[in-house]
Each structure stands twice: as structure tokens, then as C-alpha cells.
Amino acid sequence: MANMIQARGLVKRFGKVTALDGLDLDVPEGSVLGLLGPNGAGKTTAVKILTTLLTADAGQAMVAGIDVREDPQGVRGKIGLSGQFAAVDEYLTGYENLRMVGRLYRLSAKEAGVRARELLERFGLDDAADRPSKTYSGGMRRRLDLAGALVANPPVLVLDEPTTGLDPRSRQQMWDVIEELVSGGTTLLLTTQYLEEADMLADDIIVIDHGRAIAQGTSDELKSQFGQERIDVVVADAHDAAAAARIVNTVAFGTVTVKDRSISAAISGDGASHLVEVGKAILDARISILDLGMRRPTLDDVFLTLTGETVSDSEDVA
Amino acid sequence: MNAPRVLIDGWVVAQRNLIKIKRVPEILVFVLISPIMFVVLFAYVFGGAIDAGPGLNYREFLIAGIFAQTVVFGATFTGASLAEDMQKGFIDRFRSLPMSRSAVLVGRTGSDIVYNVISLVVMALTGLLVGWRARGSFLDSVSAFLLLIVFAYAISWVMAYIGLIVPSVDVINNASFMVIMPLTFVSNAFVPLETFPSALQTFAEWNPVSTVTQAVRELFGNVPDGFVAPDAWSLQHPVVYTLIWVGIIVIVFVPLSVRQYVRASAK
């Protein structure tokens, strides 16, 4: 399969800050690449270069077979971008916003109008279509912005942190919409701070920090390599901690840490059944506990493993 | 090559701006109130206090200056709107579309002409109420309004550039005031040039705000008989001199602003 997006050695500096430090990426046609990293990792800079908003200081990028540096206008005709801020005009209605974007993608006035209605219906915005988008919720605005990126049916879609700042329900709605798009065969580059999001939507994930890729693989590969699910047990009586730790050790992957009454260990494989096993064994041993739970790996865990620093540490540096 | 494209895309962008006039009545109120305020304030507050010279009706003398000042101030709106679009990421959206590179600016400055036309109409009506009369021919009056609109359009491009280089909307008013205040006040807009110290007088004589004011004043027939004609070439030929400035501003600031637009990107 041909790569719809391909970048080699992208470098971008802003004064003394190196935002991108030799980033490579490939997005085969019809697949989804998740670019995962904390704020300031260089995700948005990469997106801006690939969507012609910025020019790289070094390196080469091709989108839909077109060089972004040589023919930016050609690239613009092949992409749809939905950015971090929902770039919708709050005084225009949803319909007017989409119609305007359609006109600027060179649809005729009539085509742009038809297309706008179509998209509003598809994104569940038809009831709100003729209200100024000022009255929309955050989730509705993001959906409208995404609809704007789809007006021209672009073969390549770029979504920069599409769910950052959304409440859980709007986030879920956004995911549903994106999943539907992806199943329709759109090539997608998605940036996100959430492993869960990359996990759910992306075929392939690149973890990026300080402008370079620090890990790459499918979601399962990354999680099994860099961030395991963990079991945490808190016993009622510190004297039982050692006994509980022995039980946890039977399912642990790596070392079991014990601190006062808390026992924690990474686990591999099917986390839920391990949790049940541990719970049953603790019950059998008549150890009374305050808490027993499983924690899914977060970007923080993957990060910690990869860089030895937490996401927030890394943000301070960037 | 893509001249028609600029116009089509520019029109789409202008439509967006014009819809806002309907949706945000506050903007229109501001556009209407401030010229009324200027006319009434200057006519009644300063009108009696300042002696413009023998045989000179200050209120009549003043109107051309108020017109010029108001359209120059109005151009700030162009810059503020662009700065806001930039801050909200709207410019990025436009820049990712396969549209003409200058259409956003052409559309913006184009739609802002509508604001200027509205404010000129309102000012003229208010002026008539406070006793101002256009004493020249009808054609002269039309020329006067056209000159004001053309001049304002050029200033719009200066403000567009400022709007694209400032880091945020908050800065735009201060930044543009630093340009506008000296231009409008060190001019013949409100007081006859003879009252200035000589260095300032030279600046004022060649200041395009003075010449546009002078041109409009003459076209409206608001220059009294006994008025001493100024010596400077700029004020002897105010229409030509003003149009030269319009040309220079457009030649310099259109490419400058477009270049800035192409480079600019929200943080």
C-alpha cells in the first residue's frame, strides 16, 4: 500500500527551541497513525508542516504523493484539517460555516450548500444547523469543525487533538464519528495526549517527545513493551502486607513494590482475570483489605518507562 | 493568473464578515455611535471655544477633519478583526484550504468599506443636523466621499498588517493608536496649520491626513473666502497628493500584509 503521508527527517526550530528534531513518519493509505505525546512534544508542529501551515527547516514530507514544500497549494486540495481550536465562526450558523468552507474548496454555491446540509445531518447537527454556532456546546463545535475538514471529501484527514478539553460524553461521540470515518477508508493522522484515544482509533502509534519519535508500534505492542496494567492492593493491617505481596507476586510481571499497606505490581496478559485470581486468593487467606484495583496503563506509564520522566516533568522542560 | 479566484474567495470571506453586522448589532451600534459622538462633541465642545480665524465658521471647518479622523480610526477595526481571527485559529483554517493566498485580506478590507460607508452616511446626516452644509457641486461632494473611502481603504491595509504582527487582540488598539493619534492630531483636521510651531507645521503640511482633510474641505466648499491658501505643494494639490499616498500605501502594505498572512500562524 502506498503511503498517503510520508515524512523524513523533519526538523523545525523556533529560535533556540527545537520543536522537531528529525521526525520520520509513514501513514499507509486507509490507515490511522496516532501521534502521541505531551504538550510541547512537537505534535502540532508536525501537523502544521504536513498541512503546509509551516515550512520545515530540514527534511522532506509528501502528502498524497505531493511534496509539501514544492506544491503546498496542491497538498491543500488533498487534505482536511481540524485543529486544536475549533475554527468555526461563532456568529455564523453551522450551515453558513460549512457552506463557506465548501466555497473556499472551490465547490459551486449550490454544491457547497448541499454538501453542508449533508454533513450537518451526518454529524447530528441538523437541528442546530441554522443557529449561530455561538450557541453550540464544545462537543458540537468540534464536530462542526471536523465536518468542515470533510467538506471536500479529502483523501487525507489530519486531526490535531480532536478531543482535548471535551467532556467524556462529547469525547465518546467524537470517537464514534472518527471510527465511522476510518471504517470508510479515510487515511488519518491523529495527534493526541491520551493513550486511550490512540489505542481506540489508531492502527499504528508513534510516541513523540522533544520533537523525536521515541517509540513506535501498534497499541498492543507499546503497552506490552512500555506500560503494563497494574494491580494495586491496600491491606487493612500492615502485618498482612507481606502475605498479600506473595499473592500478587503470582501474577506479577517484574517486581512487586510494597510500601506500608500498599502493594503494587505490573501485570501482563489478561488483567481482569488476574485481578479476580488475586482477589480470590486474598479472600481465601482471610486478609482484610481496604482497596483492590486494576489500573490501566496511561501515557504517563509509557512515558515513564520510555524517558524516565513523567509527562508533567517533560512539559516543564518543553 | 488567479485574479478571478482572489475575487471569488475574497467575496466568500467578505460575506462572512457582513453576516456579522447582522448578528452582532453591537458592532453596528459602535460604528454608528462613534461618528455621531465625534461630530456632536467637536461641534459643540470645541466649536465655540476655538476661534478658527476671521470669517471662518469652525463647525463647518471641522466636519472634513472629523470625517477624515473617523475613517482613519475605523480602519483599526480591520486590524482588530484579523488579530482576533489569528488568535482563534481561524486564519490557520483558511491557510489550510486551497484558496487564494490574499483572499482573506482582500475580503476583510473589502467588507470594511461597508462600515466606512455606513459611518460616513451617519456622520453626514449628523453634520447636516448641526448646521454643516456641502456648498460645492453634487459631483464635488461625491468625489469627496469617494476620496475618503479610498483613503480609508488604504489605511485598512496598514492596520491589516499591524493586526497580523501583533501577538494578540489586546495589543492592537494601543499599537494602532500610536500610529493614528499623531497622524490625526498633527494635522489640519481640527485646527488651522498656522497655529503649529514650525517643525510640526511642516509635518502637518505633508501629512496625508491633512491633505485628505484639505481636499474634502475644498470639495465640500467649506473653505471660507478669506482663508489664506497654504504654501506647501501637498496642500495646493491635496487630491493628487492624497492619491499618491494611497498608491504608495497600497503598493507597500498589500504585499507586506499578504506575506505576513502566508507566514503567520496561531501560536
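Source: prediction; values computed, not measured. (Residues numbered from 1 in each chain as written. Chains lettered and ligands numbered in written order. Predicted model: local features only at pLDDT ≥ 70, side-chain atom pairs only at ≥ 80, totals over all residues. Heavy atoms only, no water.)

Quick word on the overall build of chain B
Move 1: Secondary structure summary: chain B contains 12 helices and 0 strands in total.
Move 2: Written out in order from the N terminus, the α and β elements of chain B read α-α-α-α-α-α-α-α-α-α-α-α.
Move 3: Taken over C-alpha atoms, the radius of gyration comes to 19 Å for chain B, in line with the 18 Å a tight globule of 267 residues would show.
Move 4: Taken over the C-alpha atoms alone, chain B extends approximately 60 × 35 × 35 Å along its principal axes.
Move 5: Pairs at least 24 residues apart make up 80% of the contacts formed inside chain B by residues separated by at least 6 positions.
Move 6: Treating the 17 positive side-chain charges of chain B as one cloud and the 15 negative ones as another, the clouds have centres 16 Å apart. (Helix = DSSP H or I, 4+ residues; strand = E, 2+ residues; numbered from the N terminus. Rg over C-alpha atoms; globule rule 2.2 N^0.38 Å. Contact = heavy atoms within 4.5 Å. Lys, Arg positive; Asp, Glu negative; His and termini not counted. Charge placed at Lys NZ, Arg CZ, Asp CG, Glu CD.)

Observations regarding unusual backbone geometry
The general pattern is negative phi for most residues beyond glycine and trans for most peptide bonds.
All names here are of chain A.
Move 1: Although it is not a glycine, Glu161 sits at a positive phi angle of roughly 45°.
Move 2: With respect to the helices, strands and loops of the structure, Glu161 is situated in the loop between β7 (156-160) and α6 (168-183).
Move 3: A residue is classified by how much of its surface remains accessible, and Glu161, at 2% relative accessible area, is buried.
Move 4: For Asp260, which is not a glycine, the phi torsion comes out positive at approximately 50°.
Move 5: Take Asp260: it is sitting in the loop between β12 (252-259) and β13 (262-267).
Move 6: What makes Asp260 exposed here is its relative accessible area of 66%. (Buried < 20%, exposed > 50% of the residue type's maximum accessible area, 1.4 Å probe, protein only.)

Quick word on the nonpolar core
Most often, soluble globular proteins keep nonpolar side chains buried together rather than apart.
Move 1: Leu146 of chain A together with Phe94 of chain B are the most contacted members of the largest nonpolar core, which totals 67 residues.
Move 2: For Phe94 of chain B, the residues in contact, after removing those within four places along its chain, are Met100 and Leu104 of chain A together with Val13, Arg16, Met99, Arg101, Val104 and Tyr261 of chain B.
Move 3: By size, the runner-up hydrophobic cluster in this structure holds 47 residues, among which are Phe38, Val158, Ile172 and Ala215 of chain B. (Core = buried A, V, L, I, M, F, W, Y, C linked by side-chain atoms within 4.5 Å.)

Some words on the packing of aromatic side chains
Aromatic ring pairs: the centre-centre distance and the angle between the two ring planes describe each pair.
Move 1: Counted according to the given criterion, the structure contains 16 aromatic pairs over all chains.
Move 2: Ring plane angle 80° and centroid distance 6.4 Å describe the contact between Tyr153 of chain B and Trp157 of chain B, whose orientation is recorded as edge-to-face. One end of the pair, Tyr153 of chain B, and the other, Trp157 of chain B, are both in helix α7 (residues 138-165), 4 residues apart, so they sit about a helical turn from each other.
Move 3: Directly above the aromatic system of Tyr95 of chain A lies the positively charged group of Arg117 of chain A, at a separation of 3.9 Å from the ring centroid.
Move 4: Above the plane of the ring of Phe61 of chain B lies Arg217 of chain B, whose end atom (NZ or CZ) is 3.6 Å from the centre. (Phe/Tyr/Trp six-rings, centres within 6.5 Å; stacked < 30°, edge-to-face > 60°. Lys NZ or Arg CZ within 6 Å of the ring centre and 35° of its normal.)

Examining the interface of chain B and chain A
Move 1: Across the contact, 26 residues belong to chain B and 30 residues belong to chain A.
Move 2: Where chain B meets chain A, there are 6 salt bridges.
Move 3: Notably, a salt bridge pairs Asp145 of chain A with Arg93 of chain B, separated by 3.2 Å at the nearest N-O pair.
Move 4: The tally of links between chain B and chain A comes to 11 residue pairs in polar contact (both at pLDDT 80 or more).
Move 5: In terms of residues, the side of chain B that touches chain A owes the most to one element, helix α1 (residues 3-23) of chain B, which gives 8 residues.
Move 6: Grouping the amino acids of the side of chain B that touches chain A by side-chain chemistry returns 10 nonpolar, 5 polar and 11 charged. (Salt bridge = Lys/Arg side-chain N within 4 Å of Asp/Glu carboxyl O. Polar contact = N/O pair within 3.5 Å; in protein donor to acceptor, adjacent residues only side chain to side chain. Nonpolar A, V, L, I, M, F, W, Y, C, P; charged D, E, K, R; others polar.)

Side note on the sheet that holds strand β5 (residues 66-67) of chain A
All names here are of chain A.
Move 1: Taken in spatial order, the 4 strands make up an open sheet running β2-β1-β4-β5, and their pairing is antiparallel. Only two strands of the sheet have a single partner each, and these edge strands are β2 (17-28) and β5.
Move 2: One ladder, built from 9 bridges, connects strand β1 (residues 3-14) with β2; its direction is antiparallel. The residue of β2 that forms the bridge with Leu10 is Leu23. (Pairing = 2+ DSSP bridges.)

Some points on the environment of Ser210 of chain B
All names here are of chain B.
Move 1: Topologically, Ser210 is positioned in helix α10 (residues 208-219).
Move 2: Note on Ser210: relative accessible area 0%, which makes it buried.
Move 3: Distance in space between the C-alpha atoms of Ser210 and Ala64 is 9.9 Å, their sequence separation being 146 residues.
Move 4: Residues contacting Ser210, with those up to four places away along its chain left out, are Val186, Ser187, Asn188, Ala204 and Leu235.
Move 5: Within the structure, Ser210 has its side chain in polar contact with the backbone oxygen of Ala204 (distance 2.5 Å).

A few points about the pattern of salt bridges
Note on pairing: side chains with opposite charge can pair once their charged atoms come close.
Move 1: Tallied over the full model, the rule gives 20 salt bridges over all chains.
Move 2: A salt bridge links Arg16 of chain B to Asp89 of chain A; the nearest nitrogen and oxygen atoms lie 2.5 Å apart. Of this pair, Arg16 of chain B sits in helix α1 while Asp89 of chain A sits in the loop between β6 (79-82) and α3 (94-104), on two different chains.
Move 3: The partner of Arg23 of chain B in a salt bridge is Glu96 of chain A, and the shortest N-O contact between them spans 2.8 Å. Taken together, the positions of Arg23 of chain B in helix α1 and Glu96 of chain A in helix α3 put the pair across two chains.
Move 4: What makes Glu96 of chain A buried here is its relative accessible area of 18%.

Concerning helix α2 (residues 25-46) of chain B
Residue and element names in this part refer to chain B.
Move 1: For α2, with 22 residues, the first-to-last C-alpha span of 31 Å sits near the 32 Å given by 1.5 Å per residue.
Move 2: Residues of α2 that are buried: Ile27, Val31, Ser34, Pro35, Phe38, Val39, Phe42 and Ala43. The buried residues of α2 occupy an angular sector of 140° when projected down its axis, which confines them to one face.
Move 3: Elements in contact with the buried residues of α2: α3 (58-74), α4 (76-87) and α6 (103-129). (Expected span 1.5 Å × (residues − 1). Arc of directions from axis to C-beta.)

Regarding a nonpolar patch on the surface
Residue and element names in this part refer to chain B.
Move 1: Taken together, Trp206, Trp233, Val240, Ile244, Ile248, Ile251 and Val252 make up a surface patch of nonpolar side chains, about 650 Å² in accessible area.
Move 2: When residues of the nonpolar patch are assigned to their parent elements, the largest contribution, 5 residues, is made by helix α12 (residues 238-263).
Move 3: Relative to the helices and strands, Val240 is located in helix α12.
Move 4: Relative accessible area serves as the criterion here: at 44%, Val240 is assigned to the partly exposed category. (Patch = residues over 30% accessible without salt bridge, like charges linked within 9 Å, V, L, I, M, F, W, Y side chains within 5 Å. Areas by Shrake-Rupley, 256 points an atom, 1.4 Å probe, with all protein chains shown as cover.)

Description of the environment of Pro182 of chain B
Residues and elements named next belong to chain B.
Move 1: Among the structural elements, Pro182 can be located in helix α8 (residues 169-185).
Move 2: For Pro182, a relative accessible area of 34% gives the class partly exposed.
Move 3: C-alpha of Pro182 to C-alpha of Ala68: the two residues are 114 residues apart in sequence and 13 Å apart in space.
Move 4: With residues near it in sequence (within four places) discarded, Pro182 still touches Phe177, Phe203 and Asn207.

Focus: the domain arrangement of chain A
Move 1: When cut into domains, chain A gives domain 1 (3-224) and domain 2 (228-296).
Move 2: Taking only C-alpha atoms, the centre of domain 1 of chain A and the centre of domain 2 of chain A are 41 Å apart. (Domains from an automatic or database assignment.)

Let's talk about the sheet that holds strand β11 (residues 229-235) of chain A
Residue and element names in this part refer to chain A.
Move 1: Spatially, the 4 strands line up as an open sheet ordered β12-β13-β11-β14, and their pairing is antiparallel. Strands at the two margins of the open sheet, each flanked by one partner only, are β12 and β14 (289-295). Here the average twist between neighbouring strands, direction ignored, is 10°.
Move 2: Relative to β13, β11 runs antiparallel, the two being bridged by 6 bridges. In the sheet register, Arg230 faces β13, and the bridge partner there is Ala266.
Move 3: Across the sheet, helix α9 (residues 241-249) touches β11, β12 and β13, and the angle it forms with β12 is around 165°.
Move 4: Contacts from helix α10 (residues 271-284) reach β11, β13 and β14, with the element oriented near 165° to β14. (Axes fitted to C-alpha atoms, helices over the stretch in contact; angles between N-to-C directions.)

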